[in-house]
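# Close look at the chain arrangement
What follows is the residue order along each chain.
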Amino acid sequence: MLPFKLVYSDAYYLPIGKHVFPAEKYRRVRDRLVATGIADVGDFLEPKPATDEDILLVHKPEYVNKLKTGTLSLREQMELEVPFSPELVQAFWLAAGGSILAARQALTDRVSVNIGGGFHHAFPDHGEGFCMIHDVAVAIRRLQRDNKIRTAMTVDCDVHQGNGTAAIFAGTRSASALLPSAGALTLDSLALNSALPGKIRGAHAGEVFTISLHQHNNYPMSKPPSSIDVDLPDGIGDDDYLAWLDNALSSGLRQFEPDLLCYLAGADPYCKDQLGGLSLTIEGLKKRDELVFRIAHARNIPVMVTYAGGYAQKVEDTVTIHCNTVVAAKEVFGVTK
Ligand SMILES: [Zn+2]
């Protein structure tokens, strides 16, 4: 048995037909985890769909109504980049329910992994880039509403910038009250590491502090400011990436003490990803997971994990990277149990 829970449902499958997004990856991760003995069947929890009330904590009523009545405009459907269907709506409501469950579990078990979710390109009033509903934001807002947490930090390691996350939490900033030191001044300390390729930008921070580490020359074209954005140049490898991640996490955690860390463990910084342009290896990606977990573990910050993107030429590689995230959590969080 794992010392924490994995959240999964067969209904996470996204009914999008033949698509660069490997919708079957969730089931394949689950099967591999069980087949290799990394997890056993008792480690998995089955989520319930989020309620409409939960979804409305983040998304605009007009948008939710369009999704539920199938009345998105053609342009809105195109922007989503996955074919709209009522079944797809259900899958996204379920992913959000899964992230709520994983966030709750993280508060009791210190870590929990949603074998799904991480749809960080969804905005309050529209979806884009394969993301209809921002499951992580819904989970944060629901736990805040339930008074389970006050603050949260998102650590987004998908190769694409977390534009939806940045937009959703930009409106909640209260930097002056909570974070006298937040902002560009503090980030100047990162200039110490100017030998590294890449660029770090700082913006707002409030009850939710957002960190995004992403390839600069990639989707989305317009990148609304996160609390910390690390704009990475094309092609950087494991060592530079890990150094930037360490920097960003250290800087973020100097400025902000989250009650929950939401880690988006995207598999697409991988060197063989079809939609990514960084050069991380499978081993480097596992070290990335370990780094996030070790820092959270040392500071006693509960971690909720979602998977976000992953478009390796071989789906097997995406599955390996996602399974390794569970292995890394087991290695880091298994020791004290
Ligand atoms: Zn991505």
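I will try to describe carefully the structure that is included in this document.

The rules behind each value
- Residues numbered from 1 in each chain as written.
- Predicted model: local features only at pLDDT ≥ 70, side-chain atom pairs only at ≥ 80, totals over all residues.
- Heavy atoms only, no water.
- Helix = DSSP H or I, 4+ residues; strand = E, 2+ residues; numbered from the N terminus.
- Contact = heavy atoms within 4.5 Å.
- Areas by Shrake-Rupley, 256 points an atom, 1.4 Å probe, with all protein chains shown as cover.
- Donors = N, O, S within 2.8 Å, 3.2 Å for Na, K, Ca; no water.
- Tetrahedral: all angles 85-135°; square planar, octahedral: opposite > 155°, others 65-115°.
- Buried < 20%, exposed > 50% of the residue type's maximum accessible area, 1.4 Å probe, protein only.
- 1 Å grid on protein atoms, 1.4 Å probe; cavity = no way out; pocket = protein on both sides within 12 Å on 5 of 7 lines; lining within 4 Å.
- Points joined across faces, edges and corners; volume = space filled by probe spheres on them.
- Nonpolar A, V, L, I, M, F, W, Y, C, P; charged D, E, K, R; others polar.
- Axes fitted to C-alpha atoms, helices over the stretch in contact; angles between N-to-C directions.
- Parallel < 35°, antiparallel > 145°, perpendicular 65-115°, else oblique.
- Left-handed = near helix turned anticlockwise from the far one by under 90°.
- Salt bridge = Lys/Arg side-chain N within 4 Å of Asp/Glu carboxyl O.
- Pairing = 2+ DSSP bridges.

Moving on: the overall build of the protein. Scanning the protein from terminus to terminus reveals 12 helices and nine strands. Across the protein, contacts joining residues at least 24 apart in sequence account for 80% of those joining residues at least 6 apart. Approximately 12800 Å² of the protein is accessible, and the part contributed by carbon and sulfur atoms is 52%.

Ligation of the zinc ion by protein atoms is provided by Asp158 (OD), Asp158 (OD), His160 (ND1) and Asp268 (OD), these donors lying 1.9 to 2.8 Å from the ion. Every donor counted, the four donor atoms about the zinc ion form angles of 52 to 152° at the centre, which fits irregular coordination. Spacing between the donor residues of the zinc ion along their common chain follows D-x1-H-x107-D. Comparing aspartate 158 with histidine 160, the two get one shared label, buried.

Here we come to empty space enclosed by the protein. Tallying each qualifying case throughout the model produces one cavity of 30 Å³ or more. Empty space within the largest cavity amounts to approximately 30 Å³. Along its surface, the largest cavity is lined by Tyr12, Leu14, Tyr26, Ala91, Ala95, Gly116, Gly117 and Phe119. Looking at the lining of the largest cavity residue by residue, the classes come out as six nonpolar, two polar and no charged.

Here we come to the layout of surface pockets. Here the largest pocket defines a volume of roughly 180 Å³. Residue lining of the largest pocket: 19 residues in total, with His121, Gly129, Phe130, His160 and Tyr311 positioned closest to the centre. Residue classes in the lining of the largest pocket are distributed as eight nonpolar, eight polar and three charged.

What follows deals with the packing of helix α1 (residues 25–35) against helix α12 (residues 315–333). Remark: α1 packs on α12, axes separated minimally by 9 Å, with the N-to-C direction vectors making an angle of 55°. What the angle tells us is that α1 and α12 run oblique. Crossing of α1 over α12 shows right-handed handedness. Contact residues: Lys25, Arg28, Val29, Arg32 and Leu33 in α1; Val315, Glu316, Thr318, Val319, Thr320, His322, Cys323 and Val326 in α12. Of the residues assigned to the contact of α1 with α12, the class counts are six nonpolar, three polar and four charged.

This brings us to the pattern of salt bridges. Counted under the stated rule, the structure contains 17 salt bridges. A salt bridge links aspartate 146 to arginine 145; its shortest N-O distance comes to 3.4 Å. Residue classification places aspartate 146 among the partly exposed residues on the basis of a relative accessible area of 25%. Arginine 294 is the partner of glutamate 290 in a salt bridge, and the nearest nitrogen-oxygen pair spans 3.6 Å. Here the residue glutamate 290 and the residue arginine 294 both occupy positions in helix α11 (residues 282–298), the gap between them amounting to four residues, near one helical turn. Residue class for glutamate 290 comes out buried when judged on its relative accessible area of 14%. Taken together, the shared-partner salt bridges connect Glu53, Asp54, Arg104, Arg142, Arg145 and Asp146 into one network.

Below, the discussion takes up the pairing of strand β3 (residues 111–114). What you see with β3 is no split at all: Val111 and Val113 on one side and Ser112 and Asn114 on the other are buried throughout. Where strand β1 (residues 5–7) lies against β3, three bridges are found, and the strand directions are parallel. Following the sheet pairing, valine 7 is matched in β3 by asparagine 114. As paired strands, β3 and strand β9 (residues 303–306) are joined by three bridges and run parallel to one another. Paired with valine 113 across the two strands is valine 305, which belongs to β9.

This next bit is on the packing of helix α10 (residues 238–255) against α11. At their nearest, the axes of α10 and α11 sit 10 Å apart, and the two run at 15° to each other. The orientation of α10 relative to α11 falls into the category roughly parallel. The interaxial crossing formed by α10 with α11 has right-handed handedness. The segment α10 lies against α11, with Asp238, Tyr241, Leu242, Leu245, Asp246, Leu249 and Leu253 engaging Gly284, Lys287, Arg288, Leu291, Val292 and Ile295. Taken together, the residues of the contact of α10 with α11 sort by class into eight nonpolar, one polar and four charged.

Turning next to unusual backbone geometry. As a rule of thumb, non-glycine residues mostly have phi less than zero, and peptide bonds are mostly trans rather than cis. Residue proline 220 is reached from tyrosine 219 by a cis peptide bond, and omega for that bond is -5°. Phi at arginine 110 takes a positive value of approximately 80°, unusual for a residue other than glycine. On the basis of relative accessibility, which here comes to 24%, the residue arginine 110 falls in the partly exposed class. Notably, phenylalanine 130 is not glycine yet its phi reads approximately 75°, a positive angle. You can see phenylalanine 130 is positioned in the loop between β3 and α6 (135–145). Overall, the relative accessible area of 10% leaves phenylalanine 130 in the buried class.

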